[in-house]
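Descriptive structure summary
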Amino acid sequence: MSHPLRISVAKRTPAAAAQLAELGRQLFHETYAAQNDAADMAAYEAATFGPELQLAELQNPDTIFLLAQMVQQVVGYAKLNTRSSLGLDPTKTPEKRLEVERLYVAEDWIGTGLGAALMRRAIEEARQQQCRAVVLGVWEKNERAREFYQRFGFRPIGQQAFQLGTETQTDLILRKGL
């Protein structure tokens, strides 16, 4: 990449929440709109991305947002959960697991290494938190993302339903041991 990449942790402020809401909606839309019904997309985006929703996420002590900036513009982000129960037996505790709940890069920056930099930083965060594993869910039809996660050593351990508006989709649950 010809421009310096800066990855920082989002501040837990209303201004950061507003920025994340706009960015989240934009990047989710860029990623999935072509493959999904417009009404289902709109319903999901309205229920998931809003300044109040992102502020609540930011204020959760188990949540970390990483912001990727290029040329002084935020062009990607990752939402991490440091106590994830994704893919875990319900009788076990979610300690020592980090979930990459969201990892999105602006369309113009896909293929530049920005996503890989965010993933490396997420794995570094998991190690700093002394986690034993990193987990995530990925839409079964998102081949590019599945290949990306496979390159980082993630392997399937199950699946779960993902509700996008009126459509129930299938997410694969992937895990990487540390």
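Coordinates for the structure precede this section.
For clarity, every value in this text was computed on a predicted model and none was experimentally measured. (Residues numbered from 1 in each chain as written. Predicted model: local features only at pLDDT ≥ 70, side-chain atom pairs only at ≥ 80, totals over all residues. Heavy atoms only, no water.)

1. Side note on the overall build of the protein chain
For the protein chain, the count of helices and strands is five helices and seven strands. Put simply, the protein chain runs from its N terminus to its C terminus through helices and strands in the order β-α-α-α-β-β-β-α-β-α-β-β. Expected size for 178 residues packed as a compact globule is a radius of gyration near 16 Å; at 16 Å, the protein chain falls within 12% of this value. With the C-alpha coordinates aligned to their principal axes, the bounding extent of the protein chain is approximately 40 × 40 × 30 Å. A buried classification covers 47% of the 178 residues belonging to the protein chain. Considering only contacts within the protein chain whose residues lie at least 6 apart along the sequence, 64% involve residues at least 24 apart. (Helix = DSSP H or I, 4+ residues; strand = E, 2+ residues; numbered from the N terminus. Rg over C-alpha atoms; globule rule 2.2 N^0.38 Å. Buried < 20%, exposed > 50% of the residue type's maximum accessible area, 1.4 Å probe, protein only. Contact = heavy atoms within 4.5 Å.)

2. As for the layout of surface pockets
Roughly 970 Å³ of volume is contained in the largest pocket. Lining the largest pocket are 43 residues, and of these Thr-31, Tyr-32, Leu-103, Asn-142 and Ala-145 lie nearest its centre. Sorting the residues of the lining of the largest pocket by element identifies helix 1 (14–32), strand 4 (97–105), helix 4 (114–128), strand 5 (133–139), helix 5 (143–151), strand 6 (155–164) and strand 7 (167–177) as the ones contributing at least two each. (1 Å grid on protein atoms, 1.4 Å probe; cavity = no way out; pocket = protein on both sides within 12 Å on 5 of 7 lines; lining within 4 Å. Points joined across faces, edges and corners; volume = space filled by probe spheres on them.)

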